[in-house]
Amino acid sequence: MTSSAPYASTSLADLLPAVRYADPHLLAARLEDVRLPLGWWHATPLMEIERVIGAEALSNQVAQALRALWPHVELGDVIPVLRLLGTPGVDPGKTVAQVAREAGPGVVDGDRVLAAAFGSILDRLHQRGVPRAESEGMRMRDAVSVIARWLPADAPAEVRAALGVLQGLEELSEDGPSPVLVPEPVEDQAEDLSQTVELPAPRAAFEDHDPAEEAEEPHIGDDAGPPPVPGLMAEPLAAFVRLVADWDERALVIAGQRTFTDEPMKLHDLGERFSVSRERVRQLERTVMGSVRRWLSADDEGRAFAGHLAAVAEQLGTVGQVVEVHALHPDHARPVEALGVPLGDIVVRLLPGRTLDGAWVVQGDAAELRAVMQEDLLAACGDTPLAWDEAVALGLRYGVRGEVLDDWAADIGRFQVRDGRLLYWGRSLNDRAAAVLALHGTPMSMEDIHEQLADGTAINSMRNQIWTDERFIRLDRNLYGLRAWGGEEYLGIREMIAREIANAGGEAEVNAIAEAISARFDVSAASVRTNLGGPGFARTRRGWVRVADQTSEQDAPYVPRNDVAGTRRCFVGADGRWWYRVEVTADHLRGSGSPVPAGWAAHIGGAPHREPVQLRHEAGETLLTWRAQPTFGSVKPLLEHIGATVGDQVFFNVTDGHLNALRMPAPTDGLSPEAGAVRLTGWTAAVTPAEAVEVIARRIGIEPGQDGAAAALLERLAERGDKDIAELLEQALSGAVPAF
């Protein structure tokens, strides 16, 4: 079965090589269409695009993209085929902006000319008005492409060598390396080109040449031993050296510094070196490759080299690495002195049906293979790691050998091989933590997960992300698994107690609750009993409890004399949360406990003679106890975690049982009184005395205008016990009492 039109699989990226390297977001803004696949410009055949939106709409979209993205590039460089096919009225040597500008005064006129130029290419590619002779040539090349696509993987090396001689050479681009495939016979260059480059005719039979000449030629590979792979030449380097021996300087420079290198010189630079145009350099490069093609197809030694290429390609399979090519034969690591390029780099670019994709040599469309394999690998091991033998079997379905599958999988989709299994090592921290758990197969502690990640992520950052990701389930105080595994979720001691009481019908025995929870989780019975005596639970009869009814007088929370708004060193933030300020002392850093105001203690759930309030934080846990007065337990680990030192001001806040801390370093000398006053409330921006009054008022819960004047604010600060702030504010006001 053959295509009804030549180049039926041609995509936009084939005609506009710059599309492959452009910013995808910029491309999408000009080319995306809801009727077309995402990223259609990379691989979707243009004939399919035409069927959906029409050739005219396609040409108009391309014209707009040309003018928007590459206005200062020569049109023939953006669309290289224009230099070969030509379009009446359009000079490919002019920039896109020049072509558009010369078309007329408006943007529409410029787009129309560019669209017409691209439309003419579509017409010629798809046989709309193409002469019969040219059409026949296109069908022949299309047939060769079909043969290459359907050739069995186990075809003999001789057949592959023959196909390699027929396959096409991709159009050369200006700025990227030429992805030279195994050459196909093409029409001879113009007479003046062959005279200029002065390439020798292929030798008919090397066994007949002069022995003296043989002695002068490099004889490379005597120490290489037998070819490591069947079908490889004994001395491929010597053969290629003989091919280029009589090339002139321009041919050698073009081949060595553009055609067969990873960092090709630009056409412009080569043109300046030889005092010729860029188009002339293109012609010279085609002539160089024409010489190689003729050698591979018409010369005995060249045909042997073509067989060598086919054997290398067969050894690599669908995917191989450039380093593998260099290692397949000792000659591949040696340079062709006249070109200054290792033979392996030349072999890579001449392999039949292969393209160079970074460090990889790929058969067919590399982007398509990457996308399809990534999708299949994700489906196979996205949730559960895949056994390595199963991964190898999946790779072999695409012709990817097990020897390179781990590197290839890592390159195409962040897959990783661990403990004999392939797993998806995702982009986010959560993805990687899920992969670690899936690989381990059983719940793990936070520390063990962190150790397995080994990527420098702070454990506290990892903990916070796992806590907020529904894929994970907390199964104990410090034990985490995947929610898909099931299991009873650990919610914290107080929440677990409430659940036990609810499951028992609303009332339960203290001992039964303590034993049930301590038996299932890493929580002591004593801790359960301690929490049962705290706020949130009420005694019903001796040894029995229920969840407290906060609306009843019996179960109502403790109400202090002064609420948090009237408590010293307590300040409200922009988000409405109250923070308590502590000046760090040596006692804090030694691990000593410290008293806290009753208003703030009650605000975070404390009450006299009730059980301690457990508070977790990023560095561990602490307790708020209330006997004679409310007292914080040690916060030394938390202070060390945030880098606090003696003299720093630290602001504490409790949200949902989590103790947060913000550090404010000790101020430098020279603060104004108003700056010092607002700083003690947590405000660090510069203020005037009048602004300081407003900031402090808001920080203690007074809206501007409520109390009318700064005097009222000073009075309120005195009532709260914030003497330090009041003194600084009085100095700032200097006797003046500004209104709000």
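Since the model is a prediction, treat every value here as computed from it, not as a measurement.

> I'm lost on the overall build of the protein chain in this one. Help?
Helix and strand counts for the protein chain stand at 36 helices and 21 strands. Within the protein chain, buried positions represent 46% of all 740 residues. Considering only contacts within the protein chain whose residues lie at least 6 apart along the sequence, 58% involve residues at least 24 apart. Just so you have it, the protein chain exposes about 35,300 Å², and 51% of that area is on carbon and sulfur atoms.

> Would you explain the nonpolar core in this entry?
Nonpolar side chains tend to gather and get buried jointly when the protein is soluble and globular. The biggest cluster of nonpolar side chains holds 39 residues, and the ones touching the most others in it are F240, W247, F305, V336, L339 and L350. At the level of secondary structure, the elements contributing two or more residues to this core comprise helix 14 (236-244), helix 15 (249-259), helix 17 (278-298), helix 18 (300-316), helix 19 (322-328) and helix 20 (343-350). Of all the elements, helix 18 adds the most residues to this core, at 7 residues. Of all hydrophobic cores here, the second largest spans 38 residues; its members include I49, L66, V99 and I121.

> How should I be thinking about the packing of aromatic side chains in this particular structure?
Aromatic rings in a pair are described by how distant their centres are and how their planes are angled relative to each other. On inspection of all chains with the given rule, the structure shows 10 aromatic pairs. Ring geometry for F632 against F652: centres 5.8 Å apart, planes inclined by 80°, an arrangement best described as edge-to-face. Placement of F632 in strand 19 (residues 630-632) and of F652 in strand 20 (residues 649-655) is noted, with a sequence separation of 20 residues between them. The residues F632 and F652 share a single accessibility class, namely buried. Here a set of aromatic residues connected by ring pairs shows up, and it is made of F240, F260, W295 and F305.

> Got a minute to help me understand the packing of helix 14 against helix 20 in this structure?
How two helices pack is summed up by the angle between their axes together with the distance between the axes. As a packed pair, helix 14 and helix 20 sit with axes 11 Å apart at the nearest point and diverge in direction by 80°. Relative to helix 20, the element helix 14 is oriented roughly perpendicular. Seen from helix 14, the contacting residues are P236, L237 and F240; seen from helix 20, they are L343, I346 and L350.

> Where do I start with the environment of F305 in this structure?
Locating F305 in the fold gives a position in helix 18. For the pair F305 and L237, spaced 68 residues apart in the sequence, the C-alpha separation amounts to 9.6 Å. Among all residues touching F305, those that are not within four sequence positions of it are M233, P236, F240, W295, L296, L343, V347 and L350.

> Any chance you could explain helix 4 (residues 46-53) here in plain terms?
One turn of an α-helix holds 3.6 residues; hence residues three or four places apart share an orientation. Residues of helix 4 that are buried: L46, M47, I49, E50 and I53. Projection of helix 4 onto a plane perpendicular to its axis shows the buried side chains occupying an angular sector of 155°, all on one side. G54 sits one or two residues past helix 4 and shows a positive phi near 90°.

The rules we used
- Residues numbered from 1 in each chain as written.
- Predicted model: local features only at pLDDT ≥ 70, side-chain atom pairs only at ≥ 80, totals over all residues.
- Heavy atoms only, no water.
- Helix = DSSP H or I, 4+ residues; strand = E, 2+ residues; numbered from the N terminus.
- Buried < 20%, exposed > 50% of the residue type's maximum accessible area, 1.4 Å probe, protein only.
- Contact = heavy atoms within 4.5 Å.
- Areas by Shrake-Rupley, 256 points an atom, 1.4 Å probe, with all protein chains shown as cover.
- Core = buried A, V, L, I, M, F, W, Y, C linked by side-chain atoms within 4.5 Å.
- Phe/Tyr/Trp six-rings, centres within 6.5 Å; stacked < 30°, edge-to-face > 60°.
- Axes fitted to C-alpha atoms, helices over the stretch in contact; angles between N-to-C directions.
- Parallel < 35°, antiparallel > 145°, perpendicular 65-115°, else oblique.
- Arc of directions from axis to C-beta.

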